[in-house]
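Structure at a glance
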Amino acid sequence: MLRGRRILLIVSGSVAAYKVLILARLLRAEGAELRAVLTAGGARFVTKESLAAITGAAVQDDLWAAEAEIGHIRLARWAEAVVVAPASANRLAQMAQGLADDLAGCVLLATRAPVLVAPAMNPAMWEHPATRANIALLAARGVRVAGPDDGPMAEPESGPGRLVEPEALRAAIAALFAPRGLLAGRHALVTSGPTQEPIDPVRYIANRSSGRQGHAIAAALAAEGARVTLVTGPVAIPDPPGVSVVRVTTAREMLAACEAALPAEIAVCAAAVADWRVAEEAGQKLKKTPGAAAPTLAMALNPDILATLSRHARRPRLVIGFAAETEHVLEHAREKLERKGCDWIVANDVSGDVMGGEENAVHLVTRQGVEQWPRMPKARVAEQLVARIAAFAP
Ligand code: CTP
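The rules behind each value
- Numbers given to residues run from 1 along each chain, matching the order in which its sequence is written.
- Where totals are concerned, whole chains, interfaces and linings use all residues; where local detail is concerned, this predicted model gives features only for residues with pLDDT of at least 70, and gives and counts side-chain atom pairs only at 80 or more.
- Side-chain measures were taken over the full set of non-hydrogen atoms in the model, leaving aside hydrogen atoms and water.
- Starting at the N terminus, helices and strands are each numbered in turn, a helix being any DSSP run of H or I of at least four residues and a strand any DSSP run of E of at least two.
- Two things to know: the radius of gyration comes from C-alpha atoms, and the globule rule equals 2.2 Å times the number of residues to the power 0.38.
- Three labels apply to residues, based on accessible area from a 1.4 Å probe with only protein chains included: buried if under 20% of the type maximum, exposed if over 50%, partly exposed otherwise in between.
- Note on contacts: a residue pair qualifies if any of its non-hydrogen atoms lie within 4.5 Å across the two residues.
- The Shrake-Rupley method, run with a 1.4 Å probe, gives the accessible areas here. Residue values count only the displayed protein chains as cover.
- As defined here, a cavity is a set of points on a 1 Å grid over the protein atoms alone where a 1.4 Å probe fits but cannot get out. A pocket is an open set with protein on both sides within 12 Å along at least five of seven lines, and residues line them when an atom is within 4 Å of a point.
- Grid points are joined across faces, edges and corners, and a volume is the space filled by probe spheres set on the points.
- Gly falls in the polar group here, along with every residue not listed as nonpolar (Ala, Val, Leu, Ile, Met, Phe, Trp, Tyr, Cys, Pro) or charged (Asp, Glu, Lys, Arg).
- Working definition: residue near molecule or strand if any one of its non-hydrogen atoms lies within 4 Å of it.
- Distance and chemistry together define a polar contact, namely a pair of N or O atoms within 3.5 Å, with one atom able to donate a hydrogen and the other to accept it when in protein, and with adjacent residues in sequence counting only for side-chain atoms on both sides.
- The rule for placing a molecule in a cavity or pocket is simple: more than half of its atoms must lie within 2 Å of the grid points.
- Domains are outlined according to an automatic or database domain assignment.
- Note: buried area is the sum, over both parts, of the accessible area (probe 1.4 Å) each one loses when the two are combined.
- Pairing between strands is defined by DSSP: at least two bridges between them are needed.
- Throughout, right-handed denotes a crossover for which the path from the first strand over the helix to the second runs clockwise when the strands point away from the viewer.
- Surface patches are defined over residues having more than 30% relative accessible area and no salt bridge, joining like charges when they lie within 9 Å and nonpolar side chains (Val, Leu, Ile, Met, Phe, Trp, Tyr) when within 5 Å.
- Any Lys or Arg side-chain nitrogen located within 4 Å of an Asp or Glu carboxyl oxygen qualifies as a salt bridge.
- The set of buried Ala, Val, Leu, Ile, Met, Phe, Trp, Tyr and Cys residues whose side-chain atoms join them within 4.5 Å is what this entry labels a nonpolar core.

So, about the overall build of the protein chain. In terms of helices and strands, the protein chain carries 14 helices and 22 strands. Taking 394 residues into account, the globule formula puts the C-alpha radius of gyration at 21 Å, and the protein chain, at 24 Å, falls close to it. With respect to the principal axes defined by its C-alpha atoms, the protein chain has extents near 75 × 55 × 35 Å. Out of the 394 residues in the protein chain, the part that is buried amounts to 51%. Long-range pairs, those at least 24 residues apart, make up 69% of the contacts in the protein chain between residues at least 6 apart in sequence. Surface exposure of the protein chain reaches about 18700 Å², of which carbon and sulfur atoms provide 53%.

Below, the discussion takes up the layout of surface pockets. The space that makes up the second largest pocket amounts to roughly 930 Å³. If you trace the second largest pocket, you find 40 residues lining it, with Ala271, Ala272, Val273, Asp275 and Ala324 closest to the centre. For the lining of the second largest pocket, the secondary structure elements donating two or more residues are strand E9 (187–192), helix H10 (212–223), strand E16 (299–301), helix H12 (305–310), strand E17 (318–325) and helix H13 (329–340). Its residues assigned to classes, the lining of the second largest pocket shows 20 nonpolar, 13 polar and seven charged.

Looking at the secondary structure, you find His363 in strand E20 (residues 362–366). With a relative accessible area of 18%, His363 lands in the buried category. Those residues within four positions of His363 in sequence are excluded, and the remaining contacts are Leu330, Ile345, Val346, Ala347, Val370, Glu371 and Gln372.

With that settled, consider the site of the ligand. Neighbouring residues of the ligand: 14 residues in total, closest Cys269, Ala271, Leu306, Phe322 and Lys340. Here an oxygen atom of the ligand and a backbone polar atom of Phe322 are 2.7 Å apart. Lys336 places a polar side-chain atom, nitrogen or oxygen, 2.8 Å from an oxygen atom of the ligand. In isolation the ligand exposes 570 Å². Once the protein is present, 79% of that is buried. Structurally, the ligand is housed in the second largest pocket. Element by element, the count of residues in the shell around the ligand is highest for E17, at four residues. A per-class count over the shell around the ligand returns nine nonpolar, one polar and four charged.

Take the domain arrangement of the protein chain next. For the protein chain, the domain assignment lists domain 1 (6–177) and domain 2 (187–392). Taken over C-alpha atoms, the centre of domain 1 sits 35 Å from the centre of domain 2. At the junction of the two partners, domain 1 supplies five residues and domain 2 supplies five residues. A combined buried area of about 410 Å² lies between domain 1 and domain 2, and 54% of that area is made up of carbon and sulfur atoms.

This part is about the pairing of strand E18 (residues 344–349). Most of E18 sits inside the fold, with five of its six residues counted as buried. Sheet analysis places E17 next to E18, joined by six bridges and oriented parallel. Its bridge partner being in E18, Gly321 is matched across the sheet by Ile345. Of the crossover connections in this fold, the one passing from E17 over H13 to the parallel E18 is right-handed.

Right, let's get into a nonpolar patch on the surface. A cluster of nonpolar residues, Trp276, Leu286, Leu297, Met299 and Leu301, forms a patch on the protein surface that exposes about 490 Å² of accessible area. Turning to its location among the elements, Met299 is positioned in strand E16.

With that settled, the discussion passes to the nonpolar core. Within the largest apolar cluster, 32 residues are counted, with the highest numbers of intra-cluster contacts made by Leu2, Ile7, Leu9, Leu27, Leu51, Leu169 and Ile173. Counting residues per element, the ones that place at least two in this core are strand E1 (6–11), helix H1 (18–29), strand E2 (33–38), strand E4 (81–87), strand E5 (115–119) and helix H9 (166–176). Ala222, Phe322, Val362 and Ala390 belong to the second-largest nonpolar core, a separate cluster that totals 31 residues.

As structure tokens, this is what we get:
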């Protein structure tokens, strides 16, 4: 896949820059032709000499020297893929702004090749709204995002922000050259995570959904080339790469965001939507009065997002729901398929450790029959479901 491919590596400032040397070796072992641009920050962590030795090419680090030798336009045109790894928070901000005050910035503006960024930074910097907004903007412009991984950092801290490992980065680069995905040109809508229904300004009703399965489905749809809108309740996991994320809190907000995202060819409702909300949210914090009885909360029914999408005037051609059951899984799933009017139900038994866990054991229930899938990681369930969606070719 990578033999003879011309790949430009842009190395910006992060302690993880050393991993790019390993990446460069992997890419060269597959026959890729490399060039590298070292930013001022990147040069603090790897030397121009080691990068040149491992890429087998002269490394550019100066806009004006590059102008004399090859020029940022020629470098941008030479590249069949541009990989920014590690991509620091500052580099992502510069890219989002379209700044061209150094060689990397000029090349990134001038290239028409696919661009992949592999962020690396402290978890707080990764989670900062400014970085989230920059990533969302870049993804919306078609920049692919690999990682970051979650785990221990250089400082005594752990969380999302680690540069993806060289082998995973090599695979993400190879994917840039893969044939366009099976769902290219399709719009997929995915709901994920729990909803939170307020009781008063400080209290709410929620559930244990982690959003892992829904987020994995959004990532797998995007990996097949679909344009994905992910409408998610509050979750503690990172946004999937290459997906537009709409954050909501309540079921009613989730429904409004889903309707605003239509039309879509595919809808996957994986969110654990609260069935009920408190009928009247208190405007002020409920206080306990000494000696008084505990309050009784009157509940109201929430809209059913899956059922609404299934009967919508702009109904997606394929509507898929989930059924989280603790008993009589198939019976309830079949009943839900009819009652909600969707096409498929992914039924899972949540009586064990599924909710919030890494694995899932599901049945795919359609009007044609039931398939039992073996227990597997949620990412594999997502890939298998997306393969089925692509085969259905809506
Ligand atoms: N769902 C939805 N909107 C709701 C409730 C559920 O879109 N207000 C969707 C979920 O995203 C899921 C499916 O409906 O795809 C099934 O949800 P589940 O909670 O299993 O079923 P319920 O309809 O809530 O039925 P029950 O609580 O009786 O199991």
